Structures are given as structure tokens and as C-alpha cells.
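Tertiary structure, described
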Amino acid sequence: MIKLVGVLVLLAAGVQAAELKVMTAGAYKPSLLALAPEVERATGHRLLIDNDTAGGVANRVKAGEALDIVVLPVAGAASLGALLGPITPLAKVGVAVAVKEGAPLPDIGSVEAVRKAVLAARAPSWIAPESGGSSGIYLERLFAEWGILDTVKPRAVRIMGGLVGDKLASGEADFGFQQRSELVGMKGVHLVGPLPAGMQLYTVYAGAAPAKGGQQDAARSVLAWLAGPGAEVALAARGMERP
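Described in the following lines is the structure provided in the data block.

About the cut-offs
In every chain, residue numbers begin from 1 and rise along the written sequence. Restriction of local features to residues with pLDDT of at least 70 applies here, the model being predicted, together with a cutoff of 80 or more for giving and counting side-chain atom pairs; totals for whole chains, interfaces and linings are based on all residues. Calculated side-chain values reflect all of the structure's heavy atoms, with hydrogen atoms and water omitted. As used here, the term nonpolar core means buried Ala, Val, Leu, Ile, Met, Phe, Trp, Tyr and Cys residues forming a set that is joined through side-chain atoms within 4.5 Å. For every residue, the accessible area (1.4 Å probe, protein chains only) is compared with the maximum for its type, and the residue is labelled buried under 20%, exposed over 50%, or partly exposed between those bounds. Only runs of H or I of at least four residues qualify as helices and only runs of E of at least two qualify as strands under DSSP, and these elements are numbered from the N terminus. Any two residues whose heavy atoms approach within 4.5 Å are treated as being in contact. Should DSSP find at least two bridges between two strands, the strands are taken to pair. What the bend at a residue measures is the angle between two axes, fitted to the seven residues ending there and to the seven starting there. We define a salt bridge as a contact between a side-chain nitrogen of Lys or Arg and a carboxyl oxygen of Asp or Glu at a distance within 4 Å.

Judged by nonpolar contacts, the single largest core of 40 residues is most densely connected at Tyr28 and Leu226. For this core, the elements supplying multiple residues, two or more each, are strand S1 (19–25), helix H2 (29–43), helix H3 (54–62), strand S3 (69–73), strand S4 (88–100), strand S9 (202–208), helix H9 (216–226) and helix H10 (232–237). For this core, the element with the highest residue contribution is H9, accounting for 6 residues. Once you skip the residues sitting within four places of it in the chain, Leu226 turns out to touch Tyr28, Leu32, Leu35, Val39, Leu90, Ala231 and Arg242.

So, on to the environment of Pro106. Relative to the elements of secondary structure, Pro106 occurs in the loop between S4 and helix H5 (111–120). In sequence terms Pro106 and Val233 are 127 residues apart; their C-alpha atoms lie 29 Å from each other.

As judged from the 6 bridges shared by S4 and S9, these two strands associate in the antiparallel manner. Each bridged residue has a counterpart across the sheet, and for Pro89 the counterpart in S9 is Ala206. Pairing of S4 with strand S7 (residues 175–179), which is carried by 4 bridges, proceeds in the antiparallel orientation. Bridged to Val97 within S7 is Phe177. Two strands pair when backbone bridges link them, and S4 and strand S8 (residues 189–194) are joined in this way by 5 bridges, in the antiparallel orientation. Along S8, the bridge assignment pairs Ala96 with Pro194.

What follows deals with H2. Along its length, H2 shows its largest kink, about 45°, at Leu35, and proline Pro37 lies within four residues downstream of that point. Those residues of H2 that sit buried are Ser31, Leu32, Leu35, Ala36, Val39, Glu40 and Thr43. Gly44 occupies a position one or two residues after H2 and carries a positive phi of about 85°.

Along the chain, the position of Ala144 falls in helix H6 (residues 134–146). Taking the relative accessible area as the measure of exposure, Ala144 reaches 45% and is therefore partly exposed.

Under the criterion given, the structure shown has 11 salt bridges. Across the pair Glu232 and Arg242 runs a salt bridge whose closest N-O atoms are separated by 3.8 Å. Of the two residues, Glu232 sits in helix H10 while Arg242 sits in the segment after H10, which places them 10 residues apart along the sequence. Bridged by salt links that share partners, the residues Lys21, Asp50, Asp52, Arg60 and Glu65 form one connected network.

Put into C-alpha cells, the structure is as follows:
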């Protein structure tokens with residue numbers, strides 16, 4: 001009934017209820033899935049949610065895929081220039097460390113402790129940079145600066161998008177890095193904590209509608225809701241916060 005009332009209000013205001021194709025980079029997906037029922041009730045629009053790495057989302061926009069809303073890191077959105085309309089910051093998230101549930105917890109209290117833990121890991125895991133994942137791009141650059149990339153990469157479980165937690169839960173990996181929102185609440189996984197301040201990477205995610213085509217008015221109403229106060233509790237529950 002609530003959703004029907006919302007739709008009737010929109011129709012009375014001259015806004016047609018729409019079915020929107022939303023393409024989001026992985027770290028924002030858990031929050032968006034949790035928020036979708038509230039967004040749909042509030043706006044009357046239905047969200048069809050798909051996801052990819054940040055690089056994958058950008059490539060799909062460049063290829064002209066029919067999308068109504070895209071969510072990706074601010075830098076990635078900005079790089080698309082005139083292909084996107086106005087950019088709306090939605091949330092930010094940092095990188096965290098996790099292990100298999102029940103495994104000994106590594107010390108990650110300092111940059112040096114993390115370096116030692118990576119070197120000691122049997123099979124550390126992160127997103128492969130070539131898949132376009134922002135955390136993996138950052139980590140491999142950092143490991144190269146530390147002079148350990150050539151040592152740890154041969155035994156690393158580098159994944160082409162998806163969830164590092166799946167590799168931890170299965171035992172294929174024993175020490176994993178990914179953005180916190182993609183590790184929170186995963187079955188079989190223990191979230192150890194965020195990277196220490198001296199090496200933390202925060203990524204701000206933003207939403208936009210493609211500059212041409214799509215359902216612009218409906219997209220703007222959804223983005224306005226996601227940027228508003230109604231989203232804060234769900235963001236916090238999934239390890240994200242306001243930009």
C-alpha cells in the first residue's frame with residue numbers, strides 16, 4: 001500500500017514511475033541492495049541493480065551500454081567527462097583486512113605490522129588491478145613501493161572482481177584485503193579491521209546519470225534520495241559513511 005501511494009503521488013506530480021537500470025562498482029553494491037526497498041517506496045521507481053569493478057563500469061559507459069544510473073569512484077566518474085551528467089557523492093569506504101572465521105588474528109595495528117603479515121601469509125588475496133578494482137590497483141602499487149610485490153605476488157590469490165571473502169571462506173586464501181563494505185557480514189569470514197591510518201585508502205563513491213538517453217528525471221530523484229539522510233543507517237551498517 002505504501003509503495004502504491006508513493007507511485008500515485010509521483011503520477012499526480014507528473015513524474016512517471018520508472019524501471020531504472022543501475023550499474024554500481026562492487027563496494028557500493030551491498031549498501032545499494034539494502035537501500036533499494038526504501039528507495040523504491042520513497043520514489044516509486046524500481047531499481048534493476050547490476051555490478052562490476054570500477055574499471056568495468058567505466059568501460060560499459062564508454063561502450064554506450066543503456067544505463068540509467070552509474071555508481072563508481074569519484075575519480076572514475078570525473079574521467080568520463082561529458083559522458084555523464086552531474087555527479088552526486090554518495091558514500092566513502094576504506095580498505096580492510098579479513099581472515100577465515102576461526103583463524104588466528106594477525107596484527108594490523110601499524111604499517112610495519114601489515115607489511116610483516118602480508119609477507120607471512122600463505123596465500124594473501126586482493127582484487128587484480130587488471131580487472132579495474134581500485135583497492136587492488138592501490139595495494140599492488142603500495143607493495144611495489146615496499147619492495148615486496150615480487151615476493152608475495154607469485155603466491156597471491158588475485159581475483160578478477162568478485163569477493164575476496166569467498167576465497168577466505170573456502171580456504172584458498174588466508175589473508176585478504178578488500179573495501180570494508182564488501183567484507184562486512186560475510187559468512188565464514190572474520191573482519192579483522194581497517195588498514196592503519198598510515199596506509200589507509202578511502203574511496204568516495206558517486207552516482208550519475210549518463211548525459212544522453214536514459215530516464216534523467218527518475219535517475220535524479222533516486223540519486224537525491226541516496227544522498228540524503230535516509231541512507232545513513234544502512235551505510236554505517238555496511239562499513240560505509242558519508243563523503
